[in-house]
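Each chain is listed here by its residues.
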Amino acid sequence: MNRTLTIIRIAFFTLCLVAGVLVWYANPDWKPYLLTCLMVAAGIGALTILLDLLLKGFSLRALTGVTFGLAMAVLISALINASPFFDKGDTTVIFLVRIVLFVVVLYVATVMALRGRDEFNLIIPYVRFVPQEVANPLVVADASALIDGRILGVCQSHFLGATLVVPRFVIEELNRVADSTDPQRQSRGRRGLEVLNELRRIPAFELRVHDVALENRQQMDEKIIFVARSLKARLLTTDYNLAKHAEFHDVQWLNLNKLARALHPEVTVGDGFSVELVKPGKESGQAVGYLGDGSMVVVSDAEKFIGREIDVEVVNVVPSAGGKMVFARPVGAVSRA
């Protein structure tokens, strides 16, 4: 996108210079002023391109508001000008008063239109400029959410009642990671691309690739937050620092870890389940495993089953700073493959 805009700007500047030469050629009296014509044409082209750069962050919604404000200002000024208050009096004074009134009305109408652009669809009910009022809400996913992979299961179950938006620069980032010489990074990048391809194949699920022109020197976090704020969307990420940065900018964060914890049933005394034992406990004979939500399970008299999955029964649940600790005992002492 940036390269295309650069080509268009160069072509426009060249056309301005050509137009300057044609104007000089069409006026025989201007033969000594070729350089002047070229300078004027170059100045007009440069000012136009500069205006384009200054309006880089000016949205279509804001432009619509300004246009509406200008139209209302012209209408109000015409009504004031047609009033009988200016029929008599000094011509110069009346002219100055009209100019002042036009400028004041123009400023007030434009500012009011800009401030009320979010409610513009109330004035024109069939035109919607506010993204959050579309049929489906929007969720912007970053590279970490795609690499994590759990979003695939969430979308396949159709629990995510929103349109998933993946910015183009996120896909480019995944491609760079997949092309890395580091095998671990390469594997992560390829997994993210595979998840993205699987998301495309989900029936009745809307996935959009969002093209947006942003400066390369901007950090990836700044880009993703800018897109989420611009689209009035929520942010789906597993990057905790990015999530906190997004919350600072009033962007809502969808936390996959909280969702995973919420989906795990509560464990109470007497419940039975299977758990894989991974290491010895602090006390003699104990073995430790973990639940799917990260809760530690301490199993008594099970040290000999480390490295296996066995059936256990809960004998106590103790709250801890990390969530909860579950104390259990083996049931039947039968190991699983």
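See the structure above.
This text gives an overview of the structure that appears in the document.

Rules of the game
Residues numbered from 1 in each chain as written. Predicted model: local features only at pLDDT ≥ 70, side-chain atom pairs only at ≥ 80, totals over all residues. Heavy atoms only, no water. Helix = DSSP H or I, 4+ residues; strand = E, 2+ residues; numbered from the N terminus. Buried < 20%, exposed > 50% of the residue type's maximum accessible area, 1.4 Å probe, protein only. Contact = heavy atoms within 4.5 Å. Areas by Shrake-Rupley, 256 points an atom, 1.4 Å probe, with all protein chains shown as cover. Salt bridge = Lys/Arg side-chain N within 4 Å of Asp/Glu carboxyl O. Polar contact = N/O pair within 3.5 Å; in protein donor to acceptor, adjacent residues only side chain to side chain. Expected span 1.5 Å × (residues − 1). Pairing = 2+ DSSP bridges. Patch = residues over 30% accessible without salt bridge, like charges linked within 9 Å, V, L, I, M, F, W, Y side chains within 5 Å. Phe/Tyr/Trp six-rings, centres within 6.5 Å; stacked < 30°, edge-to-face > 60°. Lys NZ or Arg CZ within 6 Å of the ring centre and 35° of its normal.

1. Notes on the overall build of the protein chain
Across its full length, the protein chain carries 12 helices and 10 strands. Evaluated residue by residue, the protein chain yields a buried proportion of 31% over its 337 residues. Restricting to contacts in the protein chain with at least 6 residues of sequence separation, those with at least 24 account for 60%. On the protein chain, roughly 21600 Å² of surface is accessible, and the fraction owed to carbon and sulfur atoms is 60%.

2. With respect to the environment of Gln 186
Mapped onto the secondary structure, Gln 186 falls in helix 9 (residues 183-200). For Gln 186 and Arg 176, which are 10 residues apart along the polypeptide, the C-alpha to C-alpha distance reads 8.6 Å. Not counting residues up to four positions away in its chain, the partners in contact with Gln 186 are Val 177, Ala 178 and Ser 180.

3. Focus on the pattern of salt bridges
Taken as a whole and judged by the stated rule, the model has six salt bridges. With its nearest N and O atoms 2.8 Å apart, the salt bridge here joins Glu 173 to Arg 176. Here the residue Glu 173 and the residue Arg 176 both occupy positions in helix 8 (residues 168-178), the gap between them amounting to three residues, near one helical turn. Overall, Glu 173 belongs to the partly exposed group, its relative accessible area being 23%. The closest approach of N and O atoms between Arg 208 and Glu 206, which form a salt bridge, is 2.9 Å. Residue class for Arg 208 comes out partly exposed when judged on its relative accessible area of 40%.

4. Observations concerning the side chain of Ser 144
Tracing the backbone through its elements, the reader meets Ser 144 in helix 6 (residues 143-148). Within the structure, the side chain of Ser 144 is placed 3.2 Å from the backbone nitrogen of Thr 238, a separation counted as a polar contact. In this structure Ser 144 touches Thr 237, Thr 238 and Asp 239, once residues within four positions along its chain are discounted.

5. Description of helix 9
Taking 1.5 Å per residue, 18 residues should reach 26 Å; helix 9 reaches 26 Å between its end C-alpha atoms and fits that length. On its buried face, helix 9 is in contact with helix 6, helix 7 (150-156), strand 2 (163-167), helix 8 and strand 3 (207-210).

6. Looking at the sheet that holds strand 2
Across the sheet, five strands lie side by side as 3-2-1-4-5; this open sheet has parallel pairing. What marks the edges here is a single partner per strand, and that holds for strand 3 and strand 5 (253-254). In this sheet, strand 4 (residues 234-236) lies alongside strand 1 (residues 138-141) in parallel orientation, the contact comprising three bridges. Counterpart to Ala 141 in the pairing with strand 4 is Leu 236.

7. Regarding a nonpolar patch on the surface
A cluster of nonpolar side chains, contributed by Val 74, Phe 95, Leu 96, Ile 99, Phe 102 and Val 103, occupies part of the molecular surface with about 550 Å² of accessible area. If you tally residues by element for the nonpolar patch, the top one is helix 4 (residues 91-115), at five residues. Structurally, Phe 95 is set in helix 4. For Phe 95, a relative accessible area of 52% puts it in the exposed group.

8. Observations regarding the packing of aromatic side chains
Tallied over the entire structure, the rule returns one aromatic pair. Aromatic pair Tyr 240 and Trp 253: ring centres 6.1 Å apart, planes at 75 degrees, arrangement edge-to-face. Highlighted residues: Tyr 240 in helix 11 (residues 240-248) and Trp 253 in strand 5, separated in sequence by 13 residues. Residue class for Trp 253 comes out buried when judged on its relative accessible area of 16%. Sitting above the plane of the Phe 169 ring, Lys 223 keeps its charged end 5.6 Å from the centroid.

9. Let's talk about the pairing of strand 6 (residues 272-280)
For strand 6 and strand 9 (residues 309-320), the ladder comprises five bridges, and the chain directions are antiparallel. By the bridge assignment for strand 9, Phe 273 is matched with Val 312. Bridge count for strand 6 against strand 7 (residues 287-290) is three bridges, and the pairing is antiparallel. Bridged to Pro 280 within strand 7 is Ala 287. Count of turn residues in the strand 6/strand 7 antiparallel hairpin: six residues, of which Gly 285 carries a positive phi of about 85 degrees.

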